[in-house]
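Next come the chains, spelled out residue by residue.
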Amino acid sequence: MQLYPSLALIALLCGNVLGNFLPRLHFIGRGQLTLASDVIIQIEGPDGLRTSDEFGSGTLIGRDGRTLATLRSGIENGLEDANGFFRRDSRTTWLLADNTTAYATIQGIGPAHQGESFRFDVETNSTRFGYLNKVFILGNAKTVNRNLMFSLWSTASFLGGELD
């Protein structure tokens, strides 16, 4: 039995059937989060250096240049391992442009001090931005000094909302 031709055939059939359903990325906007102070906590753990710090300010600017959200509060937690990779696990609260609140988690990984990829999960009761509860939000970021510069993309456009 030859396994490779069978796998190639399955991949070809799935590609033809699912090709129209593959996710497309839709740009949401760019933002910046600024750390409030020097690192609050640094702990050497079994897998590397754990850090925790507070975000002092932040904004998310949409495709059209308008402010979509302003940071209310946030905490950054991370782990820089022995191989130089940073794993982010942050919690944030945002005031949205329609004066509602959104809670967001940011979980990412990438080379420390060089850039990372992350997922941005949102929870809100906003009518205008409620579609963000139902989509995958992906991003990339780079830390410059004490500023986390990031860009966000949504993986769906069929749910309505700001992106359509």
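In the block above lies the structure referred to throughout.
Residues numbered from 1 in each chain as written. Predicted model: local features only at pLDDT ≥ 70, side-chain atom pairs only at ≥ 80, totals over all residues. Heavy atoms only, no water.

Draft legend 1. Spatial organisation of the packing of aromatic side chains. In this structure the tally under the stated criterion is 5 aromatic pairs. On the basis of an interplanar angle of 55 degrees and a centroid distance of 6.4 Å, the ring pair of Trp94 and Phe120 is categorised as tilted. In this pair, Trp94 sits in strand β5 (residues 85-96) while Phe120 sits in strand β7 (residues 116-124), placing the two residues 26 residues apart along the sequence. Ring centres of Phe118 and Phe120 lie 6.5 Å apart, and the angle between their planes is 55 degrees; this geometry places the pair in the tilted category. No difference in accessibility class separates Phe118 from Phe120, as the two residues are buried. (Phe/Tyr/Trp six-rings, centres within 6.5 Å; stacked < 30°, edge-to-face > 60°. Helix = DSSP H or I, 4+ residues; strand = E, 2+ residues; numbered from the N terminus. Buried < 20%, exposed > 50% of the residue type's maximum accessible area, 1.4 Å probe, protein only.)

Draft legend 2. Spotlight on the side chain of Ser151. Inspection of the secondary structure assignment puts Ser151 in strand β9 (residues 147-154). Overall, Ser151 belongs to the buried group, its relative accessible area being 11%. With sequence-adjacent residues up to four places away left out, Ser151 is seen in contact with Phe27, Gly29, Arg30, Phe118, Leu138, Gly139 and Asn140. (Contact = heavy atoms within 4.5 Å.)

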